[in-house]
Every structure is written in C-alpha cells, then in structure tokens.
Amino acid sequence: QRSCGPIVIMVFRKTPFLFLSALIFEQLLLLNHVALAKNMNEGGSYKISNSDTFHSEYSDDREYFDVYSKPIKTLYSQVHWMSHRNIPLPQEIIDRFEGGKLMAITGYEVDQVRKLDSGEEVPVPITWAYNHHYCANLMNNRKFRVVMKATTPDAVKLGLAHGASHHLAGEFVDGMEPDEDDGEEIPQLHFFSEGNGGEMRMSYHGYPKGYAQIIESPNEFIISPMQIDTWNRNMKNHTYIPGPLPSNSRIPQDAGYNGLLECPCSDRLAFEWGMTYAIDEGSCHGAQKTKCKEAIQNATECFTAVEYVIKGVHYDTKTIDDESLPSGCTGTLSEEGIVQAVWNKATSATKMGHTESATKETHLVGVSLGLVNMTVAMDPSSESATSVQIKLTGPADKWFGVGFGSKTMCTHMEGDECPGGGPYTIIISGDKVEERKLDFHGPGVVLDSSITVHSNQVEDDIRTVTLSRPLKGPTSKHYTFDSSSPSIPLIMATGCSLTFAQHCGHGPNQVNLLPVNTPKKLCQSGIQGTIDGQQFDNDRCAPFPTSDLLDQNNPTCHVQTYKGGLSCCRNGKSLLDKAQEIPWQDEPLEYHLKFRFYFEEYKKPSNLSESPSHQQLIRLYWQTEAHAGEYDIVQCRGGTPSSECVQTITSRWTIRDMTRDCPLHDASWCTGRGSTDSSKTEGVKLIYAGPHCHAPTCLSMDLYNADTGQLLCHMEPIHGSGKDVYDEHGYLSIPPCLWGDASEGLVEPQLLSLDTTLMSIKRNNSTLPHTGEMASWQMRGILVRKEEEKEEREEDVMVSPTRLRRTRPAAVNEEEDLH
C-alpha cells in the first residue's frame, strides 16, 4: 500500500537486517493502533461530491482505535432500537489522554460485523441487518454524564432523538461544573451521526487537514442504533429475495430489497386519535399563548371539552344565553374539585381577554383521578404549615400512595442507574400515614413528618384522608411545591394488603393546578393521537417555506394518514402482522456495530503568532422534511414512465436556525457562547456537508445559498450494483461535500452570515410508494467571530481550541504528506 509498501520494498533491496528492522517498526506501529494498510471497509474508494482529487482514503499514517456496540441479537422482522452505554474505550487510549489532554477526531468508519469463535470478524450484509440510523457519542465521563430526557421540539430540529420519544443529553457531573466566568469551551461530549443509515459503510466521515472534533480525555463510547432484521434465512444464492412482509407493506417482492426497512405499520400497533382541547389564554403582548386552532362548536362538545381539560370529582353542566358573560365554552374549578361547565350561546358576549393579574392567581386547585384519587389545593402566597391541602382516596383494605415529581420510580436516570432514587411519596396504610423517599424500585426510607392529618375515614370500603403540609419541604428528600410549575407529574400505586410491600398495581398520572373559581375559556387544539400508546405529534410538519410537506398533504404529517416510518418501529417488536408467525426462530442473528475513530493529538500554539493544530468543528443540522424527521414518497400516477416519476420537496432556513447559544461542553447541540449573536459572530464556514436519505429511490440532494442562488453542494447517491458486502444491489453510499485548502483539491470554504438563507432540494423516484424516507443535512463547520470578539479573546488562544476557530489550519508539510 502507498503508506508502507514503498518503504518495505526500498528496504528489501538492501540488507536482511534492515528489512527485519522495517518489519519490527511496522509491527510496533500496528501495536500502537496506527493504520498503515487500508480502510477498515473494503468496498472501494470513498467518493466526495465536490472534488475528484481529494484523498479520502485512511491508508496513510493516521492513528485509530476501534470500539464496538454491545451485542445485537434479533430474529427476522425484529427492530433493535435502544441505547448502548458504558462502553469503555481501549485502555491505552484512556491512559494516553487522561489528565485533560485533547484528542482531535479527524474521521471515522462504521461497519456491522459478526465475531466468530476463531476471533475473525465477518461483515454482515446490509441486506441481513439494515441500519436505519445510529446516534453515537464519545464522552469524558470523569466530568460529564448523559441523562435520558423527553424529546422537545428543539431536540427534534437538532436531530438528537431521530424519531425517538426520549434522547440522551449531557450535563456536568456534580462538582465538575466550570466557573461561570471561565472562558473555556472544551467539549466533554461529541455527537456522531453523519451518513448514519444504510449508507453508513461506504460514505465518507472524514475531515480535511486541520479540522477536527476536539474532545477532552474521552473514555466512553455510547451508541443508539436502530437496526432492522431483514435476513431471509432461506436465501441460498446471492439473488436477494425478501422474507415475509406485513399486509401494509407497499414494496413488491421483486423490488430488490426488503420492504421492512421502511417500517410499515402492522396491525400489532393500535392507532387512536381524536379532537383535543385546551384552555384559551388568549394573546399576551401580541403573542398567542395557547395552541387554539378553532372555537368549540356546541354545548355537547363544550361539556366533553371541559371533562377533557379540567379534571374534577363531579361535573355540573348548563347552557345559558347571557351577553354579560364570555361567549362559548368555559369551565370553572372549585376548591372542592367540583367543575362547572357552561355553554354560553350569546354571540356578542363579553370577551375574556388576557390580563396581567391572570398570571398571578393566588389560590390553585387540581384533581387527579386514577388508581388513587387526589385533590390538591395550594396557596402559593402562604408560608404556613397548611399552605398545601391534599385529599387522597383509595381502597380501605390495602395501602395506597402517591409519588410527586416523577411518573416513574426514578426521579433522574443516569445511564442505566438511578443514583438519586425514587420520588417523595405519601403512603397510607390504614390509620398510618407516612412520608417516604423511595429507592429505585425499593421501599426507601421513612422521612420526618411534615404533614398534618386532619381526617382519616372509611365509607363503603373507600378510605379518604385529608392532610396538609407546607409548600417547601423541610429537607432535600421532601417534595417542594412550586406554583410556577402548576403541572405536577405523579406516580400512583396500590398494595396487596395493608402492609407496605410490593405493589399490586401502579401507573403514571399528573395533576394540573388551576385558579380556584376562575372561569377558563376552552377551545379546540386540533386532532392528536397515539400509535401503540405513544404520542404522535400532529403538528410536526412545519409550514412553507420551512417545509413543503403540509402543502403537499404528505401522509407523514398526521396520525390519521400515517402508514409507516419511525413511529411504527419499536424496540424488540416484530414488523409482521399479528397473524404472521416470526420465521426462523431458531436462527437469531447476532452481531455488533463497529466504529473506527481516526485521531491526532491536539497541539496548542506556543505563542500568539502560531496556529493551532486543528480548528474545532461545530455540528450544524437541518431536515428538508422539517420537522417531521421523515416523510412519504407518494406514488406517481399510473402509466407515468418511471423516469418521469420524481417527487421533490424543499426547505428554506437560516444559518442562525442551526445554532444554539450555549458552551460547547455538550457539542451534540451547542454551537458556542455568542454563536447566535450577530454582534459577536460573523457567521460560519461549512467544512463538511453530508446528506442523508434512505432506500434506493433517492435521486439527489442540493444545497443552495438562497440569497445568491449559488449551488453549495450537489449530491447524487451511488447505488450498489453487485452481490458482495459493501456493494449490495440497491443500497446507497452518499458522497458528502467538503471544503478546505486548495492544495488538497478542495474548494475554499466561504463565510455564510447568521442571516444567510439556505435552501435544500430533495428528489426521489416515486414509481413505488415509500414510507420513512429522510432528507437531512448533517454538517460540520467552523464559527467565525467578529474582530472585536477576537481581540477580547486573544489571550485565550493558548488555552482553548474553541478560541482558535478564527485562524487558518497549520500549513501542510509537503515532505511529511506521503499521499
């Protein structure tokens, strides 16, 4: 090979001693994880969309280390979609970079392999196990940790969850937080998701010289892969034949690939949807405060809406025609938990507008109904021991209880552990009422009492307990009520007897506190629904020009029309119909995802005139299918020639939309302090732009500067054409665009201001219908600071790589550049 072959040949022509020395030298390099021979993946050269001359091979003297996911074991049609955590890096890598040393990740490769008993690794064909996507991290767990958080709209925009209801987010370990005035922004967590689908093995994940993802003392690998078992165990030759498919799959048997990779919705998943309702808070300072979409139409709907929004122990309803009162539908909650639903037919009635006092209600009440019924009344202005009044109702012959502040038995998960234990809980066992701080799935400890029991009565086998306590808990283990967070997550449970022990029933719940005796106007907030009990966001598709999907009535936007995709792929579940038996149950497929990270040591400049060894790359992400995360390819009209069956979607957004003003410690989503502020930041320069699309229908993706009309990146995927691993028929590799130094055969990166508008155009063949297609841009760039900002930070140049993004990479030493 180019990096070591010429050396060996040259020495071979001299003496045997020198030849032996060369071999020993080569072995020492290999022992130190230096790649000298070839790429990890043997499918040929990596391609770059905007350069024919850039050297994209990893066959020079780059150092690397390998890490593997935990074992993935599936049967045909099963989905594997879960987080693999606590995977240590090789010990020699940990030792080498401990103590705050900085590693510069210059690229990586991905494969999926079976480990044989002989120790040999065998690549798993993408036609056996389809990688739908992965989200991976490197982390310094001495200072940082990851916690599971519910996916927010912002997390969806950033692609952190990739369709999951929860995602991993980073935070400092207690006691490791930097000082607020500390100017350093050294990443402790980096995110890797480029080319993260069926194209993962032969799509380039590297960066030009002088650019890297820089991280301090990494020692842990985390990955959340989504894999689909598509292996037909009866295939005896290389011609691909899919196994059984569910009735909802619209991909024919002769398509050349398995329709399961599109996550068709089978009848194993229950779909439910209906109209939802909300409190109409009106507008405040010109901004709509709630998700009101339409007015409630009649009295019947009004009474349904009130029960939907306001939980109570009893409902009274009435219809009036009174112009002195607000028109339409209102609900009022009393301190006793009784709800009055009123439908006012008057069309010119008094309007219920927003007032500042409405945000300062002093007396709140809420009702939660479930395994245990509870009414909570709170006086936020009181500091007395009775400022929170609680009434609990449950079975008289069993213990029952309510935990506050969490819907699970853990208040704060860290990886697979729960160091903080379970929630604060009130437990009632007959005449005994106590407060406990639960363990994670354990009884926990009894706390010093902060409650006063006012009554404990039994009637018709139902026990009712009324008690009170102060807002603020006396210790950190007690729950503190906060009127600024009027929605309290709960966990409820009932026992098997009066002895407090393992529960015989439990479940999550929630109590919403509302101002007492204050009419609240209600409205329609749109149709929402669930798939297999998991919430589906019917508002997920952005309007034009951010996205075309709503204007095109794309089926992925609404639960009523959803046919397949991420929401129908569930970890451990089969994609076949209920009546279909999972075949080949005695032939599970077991394998690992394998990552090879290429790295260099980050070298700080010794003085202000020098450049650093690398510039820090920030993550920039956008979805053409904003913000659904996927979309459907709608089949073209019958009789249309296949070459004319093209579906196009577009999106327009700004550079600022991809930035987040927070320190780069968590580089999965933060882009640096001041990165959204035009007075501090000129903009960004793109260095890497990797499109992401699924299935063999992807035709092209284009990225434009919409302000100038300049085409920044044009990508056409490379389709597999053979039968071998890395070249399977129909599967893709996606060549990214790179920008860098002209000496590497690259186009110089250009400055894009924060207000630059970008436009993406994605084209697919639509001869057949498809679900779960994607069109995201997974990009890396450097932040360019304003001149005055640079001057203020000049002294930081010697410390933090994030302060060095304004300088050019160190010049390439052509004598050392073997390629």
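A brief report on the enclosed structure follows. Model, not experiment: these values are computed from the prediction. (Residues numbered from 1 in each chain as written. Predicted model: local features only at pLDDT ≥ 70, side-chain atom pairs only at ≥ 80, totals over all residues. Heavy atoms only, no water.)

Okay, the state of the cysteines next. Every disulfide links exactly two cysteines, by a covalent bond between their sulfur atoms. Counted according to the given criterion, the structure contains 10 disulfides. In this model, Cys263 is linked to Cys569 through a disulfide, with the two sulfur atoms separated by 2.0 Å. Every disulfide takes its handedness from the sign of the S-S torsion; for Cys263 and Cys569 that torsion is -95°, giving left-handed. A residue pair is termed long-range when its members are at least 10 positions apart, and Cys263 in the loop between strand 12 (220-229) and strand 13 (271-279) and Cys569 in the loop between strand 32 (534-536) and strand 33 (589-601) qualify at 306 residues. Residue Cys263 is classed as buried on the basis of its relative accessible area, which comes to 0%. Paired through a disulfide, Cys693 and Cys698 show a sulfur-sulfur distance of 2.2 Å. (Disulfide = S-S within 2.5 Å. Helix = DSSP H or I, 4+ residues; strand = E, 2+ residues; numbered from the N terminus. Buried < 20%, exposed > 50% of the residue type's maximum accessible area, 1.4 Å probe, protein only.)

Now for the sheet that holds strand 27 (residues 462-469). In spatial order, the strands read 26-27-21-20-19-30; together these 6 strands make up an open sheet with antiparallel pairing. Looking along the sheet, the strands with just one partner apiece sit at the ends: strand 26 (452-459) and strand 30 (514-515). Where strand 26 and strand 27 come together, 7 bridges link them in antiparallel fashion. Paired with Thr452 across the two strands is Ser468, which belongs to strand 27. (Pairing = 2+ DSSP bridges.)

Turning to helix 5 (residues 299-309), a few remarks are in order. Buried within helix 5 are the following residues: Ala299, Glu301, Cys302, Phe303, Ala305, Val306 and Val309. For helix 5, the secondary structure elements touched by its buried residues are strand 13, strand 16 (314-320), strand 17 (328-333), strand 18 (338-344) and strand 31 (520-531). Capping of helix 5 at its N-terminal end is provided by Asn298; its side-chain oxygen lies 3.2 Å from the backbone amide nitrogen of Thr300. (Contact = heavy atoms within 4.5 Å. Polar contact = N/O pair within 3.5 Å; in protein donor to acceptor, adjacent residues only side chain to side chain.)

Turning next to the side chain of Arg570. Mapping Arg570 onto the fold places it in the loop between strand 32 and strand 33. For Arg570, a relative accessible area of 12% corresponds to the buried category. A polar contact of 2.7 Å, which involves the side chain of Arg570, links it to the backbone oxygen of Ile531. Excluding anything up to four places from it in sequence, Arg570 contacts Val79, Ile531, Asp532 and Gln534.

Let us now look at the pairing of strand 35 (residues 618-623). For strand 35, the tally of buried residues reaches 6 of 6 residues, placing the bulk of the element in the interior. Here strand 35 shows no split at all, with Ile618, Leu620 and Trp622 on one side and Arg619, Tyr621 and Gln623 on the other all buried. Pairing geometry for strand 35 and strand 47 (residues 776-785), over 6 bridges, is antiparallel. Its bridge partner lying in strand 47, Tyr621 is registered against Gln778.

Moving on to the environment of Tyr134. Looking at the element boundaries, Tyr134 is found in strand 7 (residues 129-139). Residue Tyr134 is classed as buried on the basis of its relative accessible area, which comes to 0%. Taking the C-alpha atoms as reference, Tyr134 lies 6.3 Å from Ser193; in sequence the two are 59 residues apart.

Relative to the helices and strands, Ser387 resides in the loop between strand 20 (373-378) and strand 21 (388-395). Owing to a relative accessible area of 4%, Ser387 belongs among the buried residues under this scheme. A distance of 3.2 Å separates a polar side-chain atom of Ser387 from the backbone oxygen of Ser384. Within polar-contact distance, the side chain of Ser387 engages the backbone nitrogen of Leu471 at 3.1 Å. Once you skip the residues sitting within four places of it in the chain, Ser387 turns out to touch Ala377, Met378, Asp379, Ser382, Arg469, Pro470 and Leu471.

So, about the nonpolar core. If you look at the biggest cluster of nonpolar residues, it comprises 38 residues, and the most contacted ones within it are Met658, Leu703, Leu758, Trp777 and Met779. Of all the secondary-structure elements, those providing two or more residues to this core are strand 35, strand 36 (631-633), strand 37 (646-654), strand 38 (681-692), strand 39 (698-705), strand 40 (710-715) and strand 47. Dropping the residues within four chain positions of it, Met779 is found in contact with Ile618, Arg619, Leu620, Met658, Leu686, Tyr688, Ala689, Gly690 and Leu703. Core analysis: the next-biggest nonpolar cluster, separate from the first, contains 32 residues, Ile94, Tyr108, Ala129 and Leu589 among them. (Core = buried A, V, L, I, M, F, W, Y, C linked by side-chain atoms within 4.5 Å.)

Attention shifts here to the sheet that holds strand 39. Taken together, the 4 strands give an open sheet; going across it, the order is 37-45-39-40, and neighbouring strands pair in antiparallel fashion. The open sheet has two edge strands, strand 37 and strand 40, and neither has a second partner. Here the strands of the sheet are splayed against their neighbours by 15° on average, with no regard to which way each runs. Sheet analysis places strand 37 next to strand 45 (residues 757-765), joined by 9 bridges and oriented antiparallel. Bridging across to strand 45, Thr650 finds its partner in Ile761. (Axes fitted to C-alpha atoms, helices over the stretch in contact; angles between N-to-C directions.)

The values reported here are purely geometric and, on their own, carry no functional implication.
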